[in-house]
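# Observations on the model geometry
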Amino acid sequence: MKIRKAVITAAGWGTRFLPATKAQPKETLPLVDKPMIQYVVEEAVASGIEQIIIVTAHGKRAIEDYFDRSFELEQVLEQKGEEKLLREIRRISELADVCYIRQKEQLGLGHAIMITEALVGKEPFAVFLPDDIIDSHVPAMKQMIGVFERFGASVVAVEKVSRETIRSYGVVEPERVDHRVYRALSLVEKPSAAEAPSNLGIVGRYILTPDIFKSLRSVKPGAGGEIQITDGLTHLLKRQPIYAYEFEGVRYDAGTPLGFLKASVGLALRNPEVAPGLKEYLRELSTRDFKPPGKLLP
Ligand code: UTP
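Residues numbered from 1 in each chain as written. Predicted model: local features only at pLDDT ≥ 70, side-chain atom pairs only at ≥ 80, totals over all residues. Heavy atoms only, no water.

## What about the site of the ligand?
- For the ligand, the set of nearby residues contains 19 residues, the closest of which are Thr9, Thr15, Arg16, Lys26 and Gln103.
- At a separation of 2.8 Å, an oxygen atom of the ligand approaches a polar backbone atom of Gly12.
- One of the backbone nitrogen or oxygen atoms of Trp13 is found 2.9 Å away from an oxygen atom of the ligand.
- When the ligand is considered free in solution it has 560 Å² of accessible area, and contact with the protein chains removes 83% of it.
- Under a 2 Å grid-point criterion requiring more than half of the atoms, the pocket assigned to the ligand is the largest pocket. (Near = heavy atom within 4 Å. Polar contact = N/O pair within 3.5 Å; in protein donor to acceptor, adjacent residues only side chain to side chain. Areas by Shrake-Rupley, 256 points an atom, 1.4 Å probe, with all protein chains shown as cover. 1 Å grid on protein atoms, 1.4 Å probe; cavity = no way out; pocket = protein on both sides within 12 Å on 5 of 7 lines; lining within 4 Å. Sits in = over half its atoms within 2 Å of the grid points.)

Below, the structure is given as structure tokens:
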């Protein structure tokens, strides 16, 4: 069955990025020259997705405005003769068929996916976490769709993560079935390095069968009343196989200030308009002696 729909979960508080995210959605913070969420929308479209469902929340209106048409702005650009900008602004509003659903309480990623059931219907679908940006030759979701078409089961994206960071991931107990493809034997949410069944951490791309909705409904909320996607997947795994796919490409976790900076620099170095100037600046920086900041005067 073709993967036609994608869910992009963008309703979280973005607490790791406060205060920047107090009055601005994390997903609209710009990476080089466009908002973070545009990267995943473009990845979805390039992977053949036809309809995008964005889960938003209170204070996230900027996302809806961004993908909408802005006739006033278009008029201003037209009057100023800014043809190139005008084309770009129109292209953004025509990127995809987007609809929105509000998550009234931020009860976790699993809950955000759960509330899209009526919009997704009874077909397998893709999920994107917009703060995971994957820079790859073949779009990461397109690679995963290839795995889904081969095995006909849910697929989670994984990457090898370090012992120091494994505690932030859902981790797969893998049985290798092919190059980069594993059958998941079990899934463990946020294990310690000693408990982790492998170093394959789940990152923000999933293809899920619609049975996930029933599984998510059966999950008991954990800490903070949150419904974890890994718990939903563990329930699903008892009924049907789940595959883990080690995608080709570089992933940036742009949901924290340091990860965001790495993503900005990494993506800028691949952008012909800014790369030469940035490289020169980085060379200049490497010769500078950075001292820790001095004490501020009272
Ligand atoms: P994160 O774990 O990054 O949560 O969620 P967050 O709220 O965005 O950020 P922190 O942890 O408070 O700093 C991963 C993705 O799932 C969405 C987020 O918007 C993000 O894109 N999400 C998370 C929801 O849509 N709803 C939720 O209840 C939780």
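## Some thoughts on the environment of Pro139
- Inspection of the secondary structure assignment puts Pro139 in the loop between strand E7 (132-135) and helix H7 (140-151).
- Residues Pro139 and Ala157, spaced 18 residues apart in sequence, show a C-alpha to C-alpha distance of 12 Å.
- Apart from residues lying up to four places away in sequence, Pro139 is in contact with Glu43, Ala46 and Ser47. (Helix = DSSP H or I, 4+ residues; strand = E, 2+ residues; numbered from the N terminus. Contact = heavy atoms within 4.5 Å.)

## Focus: the pattern of salt bridges
- Scanning the model with the defined rule gives 20 salt bridges in all.
- Salt-bridge contacts for Asp132 lead to Arg251; the nearest nitrogen and oxygen are separated by 2.7 Å. Taken together, the positions of Asp132 in strand E7 and Arg251 in strand E13 (residues 250-253) put the pair 119 residues apart, joining distant regions of the chain. No difference in accessibility class separates Asp132 from Arg251, as the two residues are buried.
- Linking Arg270 and Asp135 is a salt bridge whose minimum nitrogen-to-oxygen distance equals 2.7 Å. In this pair, Arg270 sits in the loop between helix H10 (257-268) and helix H11 (275-286) while Asp135 sits in strand E7, placing the two residues 135 residues apart along the sequence.
- The exposure class assigned to Arg270 is exposed, which follows from its relative accessible area of 56%. (Salt bridge = Lys/Arg side-chain N within 4 Å of Asp/Glu carboxyl O. Buried < 20%, exposed > 50% of the residue type's maximum accessible area, 1.4 Å probe, protein only.)

## Observations concerning the environment of Tyr39
- Looking at where Tyr39 falls in the secondary structure, it is placed in helix H1 (residues 36-46).
- With near-sequence residues (within four places) excluded, Tyr39 lies in contact with Leu31, Val32, Asp33, Lys34, Ile133 and Leu267.

## Section: the layout of surface pockets
- When its volume is computed, the largest pocket comes out at roughly 1100 Å³.
- Taken together, 36 residues make up the lining of the largest pocket; nearest its centre are Arg16, Leu109, Leu129, Asp131 and Lys190.
- The element best represented in the lining of the largest pocket is strand E11 (residues 200-208), accounting for four residues.
- Among the residues making up the lining of the largest pocket, the classes are represented as 12 nonpolar, 14 polar and 10 charged.
- Considering only enclosed or pocket space, the second largest pocket measures out at about 670 Å³ in volume.
- As for the second largest pocket, its lining consists of 25 residues, of which Asp33, Lys34, Gln38, Tyr39 and Glu42 are closest to the centre.
- Here the element with the most residues in the lining of the second largest pocket is helix H4 (residues 83-93); it accounts for six residues.
- Counted by class, the lining of the second largest pocket contains 11 nonpolar, three polar and 11 charged residues. (Points joined across faces, edges and corners; volume = space filled by probe spheres on them. Nonpolar A, V, L, I, M, F, W, Y, C, P; charged D, E, K, R; others polar.)

## Some thoughts on the side chain of Lys60
- Assignment of secondary structure puts Lys60 in the loop between strand E4 (51-56) and helix H2 (61-67).
- Among the residues examined, Lys60 registers a relative accessible area of 5% and is labelled buried.
- A polar side-chain atom of Lys60 sits 2.8 Å from a polar atom in the side chain of Glu27.
- For Lys60, the residues in contact, after removing those within four places along its chain, are Ala10, Ala11, Gly12, Pro25, Lys26 and Glu27.

## Some points on the packing of aromatic side chains
- Overall, the coordinates contain four aromatic pairs when judged by the stated rule.
- When the ring of Phe17 is compared with that of Phe260, the centres are 5.4 Å apart and the planes differ by 90°; the resulting orientation is edge-to-face. Note that Phe17 is positioned in the loop between strand E1 (5-9) and strand E2 (30-31) and Phe260 in helix H10, a separation of 243 residues in sequence. Neither residue differs from the other here; Phe17 and Phe260 are each classed as buried.
- The ring of Tyr39 has Lys34 sitting right over it, with the charged end atom 4.7 Å from the ring centre. (Phe/Tyr/Trp six-rings, centres within 6.5 Å; stacked < 30°, edge-to-face > 60°. Lys NZ or Arg CZ within 6 Å of the ring centre and 35° of its normal.)

## Some points on the nonpolar core
- Counting residues in hydrophobic clusters, the biggest one holds 39 residues, and the most contacted among them are Ile8, Ile37, Ile52, Ile54, Phe67, Phe128 and Ile207.
- It is H7 that provides the largest number of residues to this core, a total of six residues.
- The residues touching Ile8, leaving out its near neighbours within four places in the chain, are Ile37, Val40, Val41, Ile52, Ile53, Ile54, Val55, Phe128 and Pro130.
- Core analysis: the next-biggest nonpolar cluster, separate from the first, contains 35 residues, Ala57, Val120, Val172 and Ile212 among them. (Core = buried A, V, L, I, M, F, W, Y, C linked by side-chain atoms within 4.5 Å.)

Everything listed here is a matter of coordinates, which is why it stays silent on function.
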